[in-house]
Amino acid sequence: MPIRQLSETMINQIAAGEVIERPASVVKELVENALDAGASRVEVVTAGGGLNLIRVTDDGSGISEPELALAIARHCTSKLTEDINDIRSLGFRGEALPSIGSVSRLSIRSRPATSDSAAEIGIEGGRVLPVKPAAANRGTTVEVRDLFFATPARLKFMKGERAESSATSDVVKRIAIAFPAVRFTLAGSDRSTLELPATDDSTQGSLRRVAQVMGADFPDNSIAIEAMREGVHLTGHVSIPSFTRANALQQYAYVNGRPVRDKLIAGAIRGAFADVLPRDRHAVTVLFLTLDPGIVDVNVHPAKADVRFRDPGLVRGLIVGSIRQALADAGIRAATTGAAGMMAAFRPGAASYGHGGPANGHRSYEASYHASGPAGFDPARSPHRPLDMGFESFDQRGLRENEQAAFDTGPLASADARAGQSEAAETLLGAVLGAARAQVHENYIVAQTKDSLIIVDQHAAHERLVYEALKNALHSRAVPSQMLLLPEIVDLPEEDAERLAMHSETLARFGLGIERFGPGAVAVRETPSMLGETNVQQLVRDLADEIADNDTVDTLKERLDKIAATMACHGSVRSGRLLKAEEMNALLRQMEATPGSGTCNHGRPTYIELKLADIERLFGRR
């Protein structure tokens, strides 16, 4: 077949295959155009999951009538100067509108702020319709109907209406977080209306917008992040370790205001929380990176979802270090969701007590009262009788002195007295974890502060304390190593061997002694003694892969930390051990002084806090 020039429509449809993956991609491009136009209000309406209709309306600067024809032509844009490395807008290629118009029925109606009249232009499957006068408010309305009607094969790859609607919601929410001063509305016949009122660009305004998108629990369970290193500014919020999700969908990252799903940033977040989260749980994060546009390349992905940093090690180190420092500075905090779960468990009717009467509540009481009448009230049938004890009248039983005597076990000191033998309890009530009052089930410490009740899992708490002590001892000096009787030769691609050699000094500090052995191999002479007998070949290859991906040697550090975690688990206070009041209070004070002690090595919470106000609500006092 001879080489020939493709038609303009075919070129646009090929571009649409890269840029317009699904209805959510169309919404992303159109909303970004609205924001680049300076809009303070963006309204999105969809139908049929976005395949039947997408309408985006804004109050931005608008497009003048002479420029409408240029707006739908390829590679025509108002956002890019002559310098491709100085990109300060969300869009810049000038491909979105002609690509969308080549696979749908597209219309653009716009009126600039300086004009008294509006104009409209349309495209149907790549065929441009003439410009005509229209009626419109200031701003622009872009309407997309029958998406992919010109390329019906693409429709076979679309998911259901609900899935496409959900993807569109996620796109709007992800963009809205970066623009708190803009009001967003998402509505349509295929969804419930989502309204995100405008706040402002301050830190608190940004946090209020995050709460609108991610829920009111996040601000109460998050830590502020702010750090600067070599011209890269990091701000945002991350969840405390005890506030997690089952997936990483609520990890939002932005580079110069652009939402991205970058592998390096995701890996850095994972590394920062590696010590404090279970394997199957994920932190909730909103991170904003601000840096010179010249040191980040946003033109490496058709949909601009990925970016490439000139110094990825700097960015990763900034994210990991800032999050870990913030977690350490925040001290010990319990997630408010833990208290909510406890409240739900304590509410009347939440538990089954193994008796046949009604669970609880005024209605059942009133029913039994009115059925029998005040004079004929039968205590044996009352839903509020003592559980599983039967009923006898006082005439039959009297006070049953013998049974009452079982409660008179002698002069037993109260929990308050036991907990306050070494220190005045009043002094400890002001501490974060308060004063120990009792130990129940030989595993849980009950403590009291001035305004809350705290329950501590003694094994999980002590496990974290021992683990942190082992880690500090491990990383404060060179890790002891063991010499191999015969060096292990590991064959690798030459570039991997070179990368390992460049990190040999760092690896030596962790007890792994390596050196080059010819162009495509390394010789391992020492391994960390903590690892015992290990698969040296696999360890070195894993390290080479990680250095290639992230330019770090965290794999070895994580293996050593995992051993320390195992040692901590076996060396900590076991469940079932009775503790004296002094030991319980000492454990609480150590928890307060240890970073990350709100969760154990496996990511489980070490304590739950129930505020006095919540307790009073349980008893109907509030």
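Structural notes, computed from the coordinates. In this text the structure is predicted, and so the values were computed from the model without any measurement.

The next subject is the pairing of strand 13 (residues 251–255). Across the five residues that make up strand 13, a large majority, five, are buried. Here strand 13 shows two buried faces, one formed by Gln251, Ala253 and Val255 and the other by Tyr252 and Tyr254. Of the strand pairs in this sheet, strand 13 and strand 16 (residues 285–290) are connected by five bridges, and their pairing is parallel. Following the sheet pairing, Gln251 is matched in strand 16 by Thr285. Pairing of strand 13 with strand 14 (residues 258–260), which is carried by three bridges, proceeds in the antiparallel orientation. Looking at the pairing, Ala253 lines up with Val260 of strand 14. Between strand 13 and strand 14, which pair antiparallel one after the other, the connecting turn spans two residues, and Asn256 there sits at a positive phi close to 50°.

Interhelical geometry of helix 5 (residues 161–178) versus helix 6 (residues 203–214) gives an angle of 170° and a closest axis separation of 9 Å. The orientation of helix 5 relative to helix 6 falls into the category roughly antiparallel. The chirality of how helix 5 crosses helix 6 is left-handed. Judged by residue contacts, Lys173, Ala176 and Ile177 of helix 5 engage Arg209, Val210, Val213 and Met214 from helix 6.

Residue position: Asp58 is located in strand 2 (residues 53–58). No salt bridge is formed by the buried Asp58. Its closest oppositely charged neighbour is Arg138, at 7.2 Å. At a separation of 2.7 Å, a polar atom in the side chain of Asp58 contacts the main-chain amide nitrogen of Gly60. In this view, Asp58 contacts Ala34, Ala39, Arg41, Arg138, Gly139 and Thr140; residues no more than four positions away in its chain are not counted.

Reading the values: rules and limits
- Residues numbered from 1 in each chain as written.
- Predicted model: local features only at pLDDT ≥ 70, side-chain atom pairs only at ≥ 80, totals over all residues.
- Heavy atoms only, no water.
- Buried < 20%, exposed > 50% of the residue type's maximum accessible area, 1.4 Å probe, protein only.
- Helix = DSSP H or I, 4+ residues; strand = E, 2+ residues; numbered from the N terminus.
- Pairing = 2+ DSSP bridges.
- Axes fitted to C-alpha atoms, helices over the stretch in contact; angles between N-to-C directions.
- Parallel < 35°, antiparallel > 145°, perpendicular 65-115°, else oblique.
- Left-handed = near helix turned anticlockwise from the far one by under 90°.
- Contact = heavy atoms within 4.5 Å.
- Lys, Arg positive; Asp, Glu negative; His and termini not counted.
- Salt bridge = Lys/Arg side-chain N within 4 Å of Asp/Glu carboxyl O.
- Polar contact = N/O pair within 3.5 Å; in protein donor to acceptor, adjacent residues only side chain to side chain.

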